[in-house]
Amino acid sequence: MQSAMFSAAPRIEKKHVLLSEILAVTSTMRKNSRWAAAAHTLIARDSVLAKDLGLRRGSLAVESQRPGRFSQEADLMGGFQELKRSIRDVADVQSLHLPALLGPFLSLIRSPLSTGPITSAALSSVHNFFVCDLISSHSLGLDSALSELSSAVSHCKFEASDSSGDEVVLLKIVTVIHDCICGSSVGPMLGDVEICEMLETVLTTCCQMRLSEILRRSAEATMISIVRTIFCRLYDVDPAAEEAKLRLSEEASHHGDISMTVLADIPDGAGLQNLELPADNIRITSTSQGEVSSVTIETPATQSAVVTEDTVAIAPKPYGLPALLELFRVLVHILDPNDQIHTDSIRLTALGILNATIETCGTVIGNYPSLLSLIVDHGCKHLFQLARSDNPSMLQAALRTIATLFETMRPHLKLQQELFLTFTIDRLATPLLPRSNMAKKIQPGSSRPATPSTPVLAPVNADSDIEKGSLTPPRPLVQPARGETRDLMLETLSQISRHPWFMVDLYTNYDCDINCDNLFERLIDFLTKGVYAMQTSSVSEAQQLHSQFLCLDMLLGFVGDMAARAEGTAEEWKSEFVSPEDLMQSKSRKKLVLTGAAKFNSKPKHGIAFLEENGLIELNPSESRTRSLAKFLKSCTRLDKRLLGDYISKPENVDLLKEFIGLFDFKNKPIADAMREMLAAFRLPGESQQISRITETFASKYFASDPPEIKSEDAVYVLAYSVIMLNTDLHNPQIRKRMTIEDYQRNLRGVNGGENFSPEFLQSIYDSIRKREIIMPEEHTGQLGFEYAWKELLARARQSGSFVMCNTSLFDCDMFKAMWKPVISAIAHAFISFNDEYIIQRAISGFRQCATLAGRFNLPDVFDFIVVALSQATGLLTDNLPAHVPNYPVVDAEGQSITVSSLAVRFGTNFKGQLAAVVLFNIVNGNGNALREGWTQIFEMFQNLFMHSLLPTRMLQMEDFLGGVTMIPLRGSQPSRHAQRNDGGLLSTLSSYLMTPYGSSSENLIPEATDSEVESTLCTIDCIKSCRLDELYGQIMQLDAEALVAAVKALEALAHERTVTKLKEETDDVSSPYNPSPTNEGPYVLTYDPAAVFLLETMVSIACQTPQHLEDLWPIIFEHLSALLSTAVHYSVLLIERAVVALLRLCVILVQKGALRDQVYLSLDIIANLPPSVANSVAEHVTAGVSLILQREGIVSTQTEWNVIGAALRTTISHSEAARYTFSLVASITSEARGQKVTQNNFPCLVAILDDFATAAGASIRTQPQRSRRALHQPATESPVVERGRKAVDLLSDLKRFIAPLSAASNLPPADAWRQYCLPLLSSLGRQSTNPSRLVRNIAIVQLQRLLLGSQLVYDETDHGYVEEIFDSVIFPLIDDLLKPQVYHLDPSGISETRLRASTLLCKAFMHFEVRDGRGKADVRAIWIEILDLLDRLVGVEQSEQLYEAVSESLKNAVLVMNAADILVPPSERCNEQQRTFWSATHARLERFLPGLLAEVIPPPETAEPAVTTATTTKT
C-alpha cells in the first residue's frame, strides 16, 4: 500500500529544477566581486523603459556605463535573468525550445571570463537537467541544443584558479558528456560531428599525464562506458547504408569535419598554470591582461560558433559509422609504437578503450569493411608490435586486446593469427642451442624451406625438422620470454585456444594450407615440451610449475575436446567449405613440397628431380616443361630466394630464366615498379655475369610490353642497371654522398636510342626509388623490413581464402596420429612428476581419453604406449627379478591369509603407483584387442605380482592330466649348481661353523611383519582387487587373433629371457676361464625359477582355452617348449615336467587340427628323445597325454605316426606307475573288445612296445641286489614288472592271430607279410627267450616254438629266404645268446632248462621248415651244418646229462627224417657227390660231441665203409 503511494507520487516540476539551477549558478557568480556588480545591473531593460515612456537616452551615456568586460559579464548574468522572466508565466518549461533554456548555461561554459567554480556550477546544472529529464528526446529544438551543448563542452574556457578546482571542472565536463551520450535518451540523436567532439574531449582528458590519476582514470572509465554505448549501434544499423554514409561524409561534410586528434602530453617541467598548448588539446593560456590564466578545451577540427538569435544551427543526423570509424582510427594511431609523440601511458589508455570497443562490437565489425580493414591492417600490426614490449603493463594490455580480437574476429584474421601464434610459440619455446651454435646454422642458402614473407617477431628453433612441418625460415635470435612475460603470454595462448574447435581450425586452416605454417604440429610440439621442466636457473620453481601446468592443461583440453567429438558433439562439415578430401590432399602435397623445397635448398637439381618425380611440377601438354617448371618455381614460397636466383641465372638455364621472367605482367608498369616486382621473386646473385643475364632477359620482356618513352631494348637494359645502382646508392648506410637527381640524369644521357630521357620520366624513377626502397628477399630487417613483410602478409591474406571454423571430427584421426606419442609422454611425465591432486586427476582422465580415441581410430600403438607409460609409474616393474623367493611372513588379517612381501609393503605406500595401476588395468580391461607390444609390460607386472603372492588364485594354478590343478610352488628343492669344493681345511670349516647362527640358516629365517607393513599389504591387496586382474585374464581368452598372438609372444619373450637366455649367460660364466667347472660334476642346472613356470603355465593355459587360434599360437609356443626340452637336463625338474605337460595338452588339441596334425608327432618325437632321467620324471604325464591322443579314432594312421607314439610310450616303461597305464593302453589295443584296433601300421609299434615291457622285466632282475655272485635273484611271479613282462610275451604271441587278417586286408604278398608281421614277432620272442627273468624267458621260448611250428605264419613257400631268416635272425641268435656266460650267470639253473628247450626248438624248426615237403638237399646243408655246430657248442658248454640226452634224441629224430627224405643218406653208388659231401660233413660234426650217433641211427652199408673212411679222413 505504502509502496503504491510512493510510486503514484508526482515527480518534482521541471520548472522548479530550472529555477533552482539558475539560482545556484547566479549565486556562485555573485560570490565573485566582478560578477557581483553585474548581477545588479539591468542595462538591457533601461532602454526598453525609456522607450515605453517616450524618453530618449543618448547612446553615448549608455555605452559609458558599460565597459567592455563588464558588459560581457553583464550579458552572461542578464541571460539568466531573461531566462527567469521568460519562464515566469510558463506552466510547462518543456514547451519552450531547449536551446533557449540551455543558452545561458552553455554561454557561461563557453565564456573565457568564467571562473572554475562558476563553470563547474553551470556544468552541474546541465548534469541535473539530464538527471531530471529536462533534456530528453521529446524536447523542442533538441538537435540545435545538442549541437550547442557539444560545442560548449568541447570549447569550454574558464579562468584557472587551482589545479584541483580546475580538474573538478574537467571531471564535470566528462560527466556531462557521459550524460549526453549514455545517461539519457538523447544520445542516439547526436550527430557524427557532435560525437567526435565529445569523444575527443574525453579522450584528450584521459591522455593528459599532467592531470591527476583520479581524473584520468575517471575519464578513462567514462570513455570505456561511452564506447560500449555508441558501438552498440553497429548491431542496429544497416552496414551497407552506413558504408554509403561514410563515403558521402568523406566527399563533403555537412556539419563540420569528422575528425579527431590527440596529441602528446604536456612537456616536462611545465606546470598547470601559464601554459599554452596547441589548440586541439586541453589548453591553459593567459588572458590579454595577463592577470589571470584561463583553461580552454578546444577542438579546431570543429567549426565552433556561439549560437545567437541570428544564427540557426543545422540539425545533425544521428551518428553512425563515420564517428565510430574516426574513433577507431585515432585509437589505432595512438598504438603505433614507432610514433614517438605518444607515450606508453597513452597507449595503455588507448588499449583499454580499444579492448572495450572490440568486446562490444567485435563480432559485427566484419560486416563493416572500413572498420575491418583498419583492424586487419594497422590495428593488428601495432598490436603485434606492442606484444614485444618489455613493459609488463603494456604487454598485458596488448595481449588482452589481441585475445579479444581473436575471440570476436577470428574468421577475418587468418594470417594475423598465424603470425601471432608463431610469434608466441617462438617467444615461449626454450632455445635448444646456444647463440653461437645457432648463429652458425643460420646462413644464407640454408636447406630449410623458406616461408612466405611474414613479419618476424621472434626466433624459432633453427633445427626444426622439415618432416614436422616447420615452415619458418631462420629468424633473428632474441631472448625467450621469461618470468612474468612468459606467464602472460602463456595465459593468453591458453585463453585463445580454449574453444573445442581451436585445434581443428589450426589443422584445417594452416597445416592443410601449403602456404602456411604447420601451427597444429608446432603448438603440440611446444606444449608437450612445455610440460617438462626447463633446464634454466632464471625461472623460479613456482613459475616453472605454473608454466608446466598451463601447457598440460591445454594439452588435456585438446584431448578432451577430441574425445567429446568422438562421443557425438562434433558438428557437420558445411557444404560451402573445402571438401575434407581436398584438404587432406593439400596436406600430403604440402609435405612433399616441403621435402622437395628442402632438397632444392640443399642442391637445386636434386630438388627439381624430386619434385618432378612426385608430380609436383604439373606438366601441361599444351606448354613446355620449362614453362611448367618456371611456374612452379615462381609460385612456390618455400624455396631459398638466393638459390633460386642463382639457379635460374646459370648459363644452362637461360630458357628457364626467359620463361620465369615471362610470367610477369609488365604492361603499363613503370620500370621501377616492374623491377621491384621481379626482384621480389628472387634475390640477385652476386656474380656480374649472372646479373647481366637477368637484366638482359628483363630488358627483352619489358620492352616487349611497349613501355612509353623507351626507344630500344638496350635502353631498358641500361635503365634496369641504373635502377639497381640507384637503389643501392640511396639506401646503403655506408654511402655518405647520395646520388642527386641531376647526377642520375647525367648518368643516363644519350642512352635512349642516342637521345635523353625526359626529366619527368627520370624524376619519377628517382622519386619511386627514393621513397620506397627495393628490398631484396631475405634482407628484411628492421622496421623497413617489417613494413615490407607486413604488406606481403596482407597480400597473402587477400589470396588465402576464408577461415574455416567447424568443430568437426573428420580430421581427428589424422590429428591424433600426429600428436599421440608426445602427448601421452607428456601426460605420463606429469602424472609421475606432479603431486597436485587436480593435475593427477586430469592426467588420469587424459590417459583414458587417449585410450578411447585409440580404440576408435584403431591405433594399437597408442594403447601400447599408454601401457608402457603407466606401467613405469606403477612401480610394479623390476629390472632384475630374482628367481629365489625369500621367506616372507604370512599373517592372518581381516579374515584372510596374506603374504607380507617387500613389494606388497612398497606398493602399498605408493599411492601414485596404485593410481597408475588402477588406471592402467581399467584401460586395458575391455581394450585388450588394441594391445600389441604393451602385453610385455602387463605380463611383466603379472610375474612380479606372482612372485610376491599377490595375484588372484586362478592365475596361480597349473593344470595337468592327472591331478587336476595345483598351485605353482614358489620355492624349489633342487640347488642351482653343485657346491664348490672348500679347500680351506679344518680351520675354514670350523670358522664357517662358528659364524653360522645356531639352529638355523639365514635362508630359513622368517622375519616378523609389523602393523604398518600389514596395513600396507592390505592396501596393496585392495588395489589389486580394484585392478580386476582376473577379469583381464578372462578377457585374454576372448581376444582377436592378432592381439592374442601379441600377448602370447610377450609371454614367450619373458619366459625365454628367464630360461634360455639365462641359461646361456650362466653357462658362459661357469665355463669362463676365470671360473672353471670341475670335470667330474654333472650338467649345470639352473635354479628353480617359479616365474618361468608361471609364464609357461599362463602361455599354455591361454592357448588351450583358445583352440580356434591355436594355428597362430603354436609356432610361438612350440619354439619355446622345444628350446626347453632340447636342453632339459639344465633346467629344474618341475619346469621340464610342466613343459612336457604343456606340449601334451596342446597335442591333444592339435590332433583335431588337420593342418597341424604333423606337429603332434614332431612333439612326441621330442618327448621320446628326452634323456632317460628326464623321461622317467614325466612318464606319467606322457602316458596320460598319449592316451588322450589315442582316444580319438583314426587320428594315428600311418606306421611312422605309430612308431612315434610307440617311442613316446616306451619312455614310460621304466616308471612303475606309468608303465602300468601304458601296458593297459597297449593291452586294450591288442584286445578285440571294441573291434580290431591292431592294424598293419601299428603292428610293428605294438611288437616293439611289448618287447620293451618284456625287456623291462629282465632289467628289473638286473637292478635287484644280488644274493650271490653267480646268480641273480628271481622274484616271485607277483612282481608287477615281471608280471607285465609275462603278459607282454603272451600279448606278443597273441598278435599272431592278426597276421593273416591283416595280410589279407592289405593284399600283401606273402613275402611282404612275412617281413612286416612274422619276422618282427619272431625276433621279439627270440630275444625274450634269453630274458633274465626266468618266467618271461620260459614263456617266450614256449610261445616262440608254438609260433614257429604253428600255422599262423605267412610266408612265400617258393622262396627259401624266409627259412634262412628264421634261423639267422631268430633261432641262431637265440642259441648264441644262451651260450654267452653273462647270460648264463643271470640264472644258471633256469638257463640250462632254456638251453634244453632251445636245442629242441632248433631241431624241430629244422625238421619243420627244411626237411618237410621233400625240399632239395642243397637247401638245408648250410643250415644243418650250422645247427650241428651250435649243438656242439651247446653240449660242450652245458655238460649236462639232461641236455646231452635231449640233444641226442632231437638229432636222432632229425637224422631219421632227413634220411627218410633222402637228404642224409650213407654213401653208396647211388649217391651223388653232393650227398656224399653232406654225409661226410654231418658225420664229422656229430662225431665231435655225439660219436657213433649217426652210425647208430643209419647204419652205413658195408660197401660204403672205405668211402666213409676216406671221406672222413679227407674232412679231417
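Reference entry: report on the structure contained in this document. (Residues numbered from 1 in each chain as written. Predicted model: local features only at pLDDT ≥ 70, side-chain atom pairs only at ≥ 80, totals over all residues. Heavy atoms only, no water.)

So, a negative patch on the surface
Where like charges cluster on the molecular surface, the negative patch consists of Asp1359, Glu1364, Asp1368 and Glu1426. Position of Asp1368 among the secondary structure elements: in helix 58 (residues 1361-1378). Taking the relative accessible area as the measure of exposure, Asp1368 reaches 48% and is therefore partly exposed. (Patch = residues over 30% accessible without salt bridge, like charges linked within 9 Å, V, L, I, M, F, W, Y side chains within 5 Å. Areas by Shrake-Rupley, 256 points an atom, 1.4 Å probe, with all protein chains shown as cover. Salt bridge = Lys/Arg side-chain N within 4 Å of Asp/Glu carboxyl O. Lys, Arg positive; Asp, Glu negative; His and termini not counted. Charge placed at Lys NZ, Arg CZ, Asp CG, Glu CD. Helix = DSSP H or I, 4+ residues; strand = E, 2+ residues; numbered from the N terminus. Buried < 20%, exposed > 50% of the residue type's maximum accessible area, 1.4 Å probe, protein only.)

Remarks on the pattern of salt bridges
In total, this model carries 44 salt bridges according to the counting rule given. Here Glu220 makes a salt bridge to Arg217, at a shortest N to O gap of 2.8 Å. With a gap of three residues between them, Glu220 and Arg217 both fall in helix 12 (residues 213-230), about one helical turn apart. Residue Glu220 is classed as buried on the basis of its relative accessible area, which comes to 12%. Taken together, the shared-partner salt bridges in this structure form one network comprising Glu213, Arg216, Arg217 and Glu220.

Here we look at the packing of aromatic side chains
The final tally for this structure, using the stated rule, is 37 aromatic pairs. Ring geometry for Phe1243 and Tyr1317: centres 5.1 Å apart, planes at 85°, overall edge-to-face. In this pair, Phe1243 sits in helix 53 (residues 1243-1263) while Tyr1317 sits in helix 56 (residues 1310-1328), placing the two residues 74 residues apart along the sequence. Across this residue pair, the class does not change: Phe1243 and Tyr1317 are buried. Put simply, the rings of Phe660, Phe664, Phe666, Phe682, Phe698 and Tyr702 pair up and form one aromatic cluster. The aromatic ring of Tyr319 is capped on one face by Arg233, whose charged end is 4.7 Å from the ring centroid. Over the ring of Phe610 we find Lys599, and its NZ or CZ is 5.5 Å from the ring centre. (Phe/Tyr/Trp six-rings, centres within 6.5 Å; stacked < 30°, edge-to-face > 60°. Lys NZ or Arg CZ within 6 Å of the ring centre and 35° of its normal.)

Comments concerning the packing of helix 14 (residues 321-334) against helix 16 (residues 369-386)
Between helix 14 and helix 16, the shortest axis-to-axis distance is 10 Å and the interhelical angle comes to 5°. By the angle between their axes, helix 14 is roughly parallel relative to helix 16. Contacts between helix 14 and helix 16 involve Leu321, Leu324, Leu325, Phe328, Arg329 and Val332 on the former and, on the latter, Ser370, Leu371, Leu374, Ile375, His378, Gly379 and His382. (Axes fitted to C-alpha atoms, helices over the stretch in contact; angles between N-to-C directions. Parallel < 35°, antiparallel > 145°, perpendicular 65-115°, else oblique. Contact = heavy atoms within 4.5 Å.)

Focus on the nonpolar core
Counting residues in each nonpolar core, the largest one holds 402 residues, and the members touching the most others are Trp935, Ile938, Leu1164 and Leu1451. For this core, the element with the most residues is helix 47 (residues 1133-1150), which contributes 13 residues. Look past the residues within four positions of Leu1164 in its chain and what remains in contact with it is Leu1144, Val1186, Ile1189, Val1204, Ile1205 and Ala1208. Grouped together as the second largest cluster of nonpolar side chains are 57 residues, Leu616, Leu644, Met678 and Ile724 included. (Core = buried A, V, L, I, M, F, W, Y, C linked by side-chain atoms within 4.5 Å.)

Things to note about the environment of Leu372
Along the chain, the position of Leu372 falls in helix 16. Counting along the chain gives 40 residues from Leu372 to His412, while the straight-line C-alpha distance between them is 8.2 Å.

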